[in-house]
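# Close look at the chain arrangement
Residues per chain, in single letters:
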Amino acid sequence: MDNHTTASTFLLWGFSSFPDLQGLLFVMIFFSHVTILAANVCIMVAIKLSHNLHTPMYFFLCGLSFSETCTTMAIIPRMLVDLLSDSKAISLPECATQMFFFFGLGANNCFIMAAMSYDRYTAIHSPLRYKVLMTHKICFHFMMASWMAGFLVSLCIVITVFNLSFCDSNIIEHYFCDISPVVCLACDYTAHHEMMPSAKGKYKAFSTCSSHLTVVCIHYGFAGFVYLRPKDRDSFREDMLMAVTYTVLTPLLNPIVYSLRNKDMQTALRKVLGKTNRFIPQMGNRRTPDIKNVQTVDK
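What you see is a predicted model, and the numbers here were worked out from it, not measured in a lab.

## Some points on a nonpolar patch on the surface
There is a patch of nonpolar side chains on the surface, built from Val 27, Phe 30, Phe 31 and Val 34 and spanning about 340 Å² of accessible area. Residue placement: Phe 31 occurs in helix α1 (residues 22–49).

Right, dumping it as C-alpha cells:
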C-alpha cells in the first residue's frame with residue numbers, strides 16, 4: 001500500500017481565483033440572499049393567511065419555498081463568510097454535513113416539484129375526481145415522502161464519498177463541498193470514476209402548469225448540465241460558475257415566477273402587504289393619554 005497523509009481539513013478555494021471581484025460578488029450574493037429569504041417568507045405567509053390558497057398546489061408551493069430557503073441557508077452564508085475571510089478552511093465533518101444538507105434539500109426540491117407535477121396532471125386529466133385524489137392527507141404523505149427520500153439519497157451519497165481516503169491536495173476548487181471537487185481529492189481518484197450519462201383548451205391546460213414548467217426547466221436544466229455531462233479536472237471552475245445558477249439564481253427566480261404568473265398569489269400578497277402597511281401607521285398614530293382627563297377621573 002502507498003503511504004499517504006490523510007487530509008482532515010479542506011480549503012474552499014471558490015472565488016479566490018477572482019480576488020478583484022470578491023467585494024462585488026459579496027454585495028450581489030448578499031442582496032440576492034436577502035431577496036430570496038424575503039420573497040419565500042412572503043409566499044409562505046400569504047398562503048398561510050389566505051384561505052382560498054389552502055389547496056394542494058399551494059401546499060406544495062409552501063413546502064417548496066421552505067425547502068428552497070433551507071437550501072440557500074446551507075450554502076450562501078458560508079460563501080459570504082469565505083468571500084470576506086482569508087481563512088477558507090473547512091473540516092471534514094463540516095464538509096460532509098454541508099454536502100448532506102445541500103443534496104438532501106436539493107433532492108427534496110426535486111421530489112416536491114414531481115409531486116406538483118402530479119397535482120397539475122390530476123387537475124387537468126381528472127378534474128371531477130381531483131378533490132378525491134388530492135386530499136390533504138395524500139398531500140401530506142407526498143410531502144413527508146419527499147423529505148425522507150431526499151435525505152435518504154443524500155445520506156447514500158455522503159457515505160459513499162466520505163468513505164474514500166483523502167490525501168495530497170486538500171484544495172476544493174469550489175465554494176461549497178460539491179461531489180466532483182471532493183471526490184477528485186481522493187487518493188485513488190481517476191477520471192473514469194466520474195458518472196456519465198448513458199386553441200383554448202390547450203392554452204388553459206398550459207397556463208395551468210406554465211409556472212411549474214418554467215421552474216422545473218430552470219432547476220433541472222442547470223443542475224443537469226453540471227452533474228450529467230462528462231467531467232475532468234479542468235472543468236471544475238466552469239462547474240463552479242454554473243453552480244451559482246442553482247444555488248443562488250434558481251431560488252431567487254422561483255418566488256418571482258410563481259408570484260408574477262399567478263393571479264391568486266398576487267392577490268394574497270397584496271392583502272398581506274396591505275395589512276402590514278395599515279398596521280404600521282396605526283402604531284405611529286397612537287396618542288398618549290390626556291393627563292388632565294386622567295386627573296379628573298381620579299378625583
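There is more to say after this.
## Some thoughts on the packing of helix α2 (residues 56–84) against helix α3 (residues 92–125)
α3 packs onto α2 with a crossing angle of 160° between their chain directions and a minimal axis gap of 9 Å. The orientation of α2 relative to α3 falls into the category roughly antiparallel. Between α2 and α3 lies a crossing whose hand is left-handed. Broken down by class, the residue content of the contact of α2 with α3 amounts to 15 nonpolar, seven polar and five charged.

## Side note on the state of the cysteines
By the definition in use, this model includes one disulfide. Across the disulfide, Cys 95 is cross-linked to Cys 177 (sulfur-sulfur distance 2.0 Å). Around the S-S axis, the bridge from Cys 95 to Cys 177 shows a dihedral of about -130° and counts as left-handed. Of the two residues, Cys 95 sits in helix α3 while Cys 177 sits in the loop between β3 (171–172) and α6 (179–183), which places them 82 residues apart along the sequence. There is no split in this pair, since Cys 95 and Cys 177 are both buried.

## Topic: the nonpolar core
Among the nonpolar cores identified, the biggest contains 34 residues, and Met 99, Phe 162 and Val 182 are the most heavily contacted of them. Looking at this core, the elements that each hand over two or more residues are β1 (9–12), α1, α2, α3, α5 (136–162), α6 and α8 (236–260). By size, the runner-up hydrophobic cluster in this structure holds 23 residues, among which are Phe 60, Met 113, Cys 139 and Phe 151.

## A few points about the packing of α3 against α5
The interhelical angle for the contact between α3 and α5, taken along N-to-C directions, is 145°, at an axis separation of 7 Å. Handedness of the α3/α5 crossing: right-handed.

## Notes on the pattern of salt bridges
Side chains that carry opposite charge are capable of pairing whenever their charged atoms lie near each other. Inspection of the entire model under this criterion finds two salt bridges. Here Asp 82 and Arg 78 are joined by a salt bridge, their closest N and O atoms 3.1 Å apart. Residue Asp 82 and its partner Arg 78 are located together in helix α2, separated by four residues, close to a single helical turn. A salt bridge links Asp 119 to Arg 120; the shortest N-O distance between them is 2.8 Å. Using a relative accessible area of 0% as the deciding quantity, one classes Asp 119 as buried. Arg 120 gets classed as buried once you look at its relative accessible area, which sits at 12%.

## Concerning the side chain of Asn 40
Mapped onto the fold, Asn 40 is located in helix α1. A residue is classified by how much of its surface remains accessible, and Asn 40, at 2% relative accessible area, is buried. For Asn 40, the side chain forms a polar contact with the side chain of Thr 69, separated by 3.3 Å. Not counting residues within four places of it along the chain, the set of residues in contact with Asn 40 comprises Ser 65, Glu 68, Thr 69, Pro 251 and Pro 255.

## Regarding the UniProt feature "transmembrane region" (unreviewed entry) in the protein chain
UniProt tags residues 23–46, 58–80, 100–118, 139–166, 172–191, 203–228 and 240–260 as "transmembrane region" (unreviewed entry). Spanning residues 100–118, this segment combines 100% helix with 0% strand, and its end C-alpha atoms are found 27 Å apart.

## Digging into the environment of Gly 106
Checked against the element boundaries, Gly 106 lands in helix α3. For Gly 106, a relative accessible area of 17% gives the class buried.

## Topic: the sheet that holds β1
Strand order in this open sheet of three strands is β2-β1-β3, and the pairing throughout is mixed. Unpaired on one side and paired on the other, β2 (89–91) and β3 mark the two borders of the sheet. Both β1 and β3 contribute to a ladder of two bridges, which runs parallel. Note on β3: the bridge partner recorded for Leu 12 is Ile 172. Across the sheet, α3 is in contact with β1, β2 and β3; its angle to β2 comes to roughly 85°.

Each value, and the rule that gives it
Residues numbered from 1 in each chain as written. Predicted model: local features only at pLDDT ≥ 70, side-chain atom pairs only at ≥ 80, totals over all residues. Heavy atoms only, no water. Patch = residues over 30% accessible without salt bridge, like charges linked within 9 Å, V, L, I, M, F, W, Y side chains within 5 Å. Areas by Shrake-Rupley, 256 points an atom, 1.4 Å probe, with all protein chains shown as cover. Salt bridge = Lys/Arg side-chain N within 4 Å of Asp/Glu carboxyl O. Helix = DSSP H or I, 4+ residues; strand = E, 2+ residues; numbered from the N terminus. Axes fitted to C-alpha atoms, helices over the stretch in contact; angles between N-to-C directions. Parallel < 35°, antiparallel > 145°, perpendicular 65-115°, else oblique. Left-handed = near helix turned anticlockwise from the far one by under 90°. Nonpolar A, V, L, I, M, F, W, Y, C, P; charged D, E, K, R; others polar. Disulfide = S-S within 2.5 Å. Buried < 20%, exposed > 50% of the residue type's maximum accessible area, 1.4 Å probe, protein only. Core = buried A, V, L, I, M, F, W, Y, C linked by side-chain atoms within 4.5 Å. Polar contact = N/O pair within 3.5 Å; in protein donor to acceptor, adjacent residues only side chain to side chain. Contact = heavy atoms within 4.5 Å. UniProt positions renumbered as here; feature names shortened; annotations may be inferred. Pairing = 2+ DSSP bridges.

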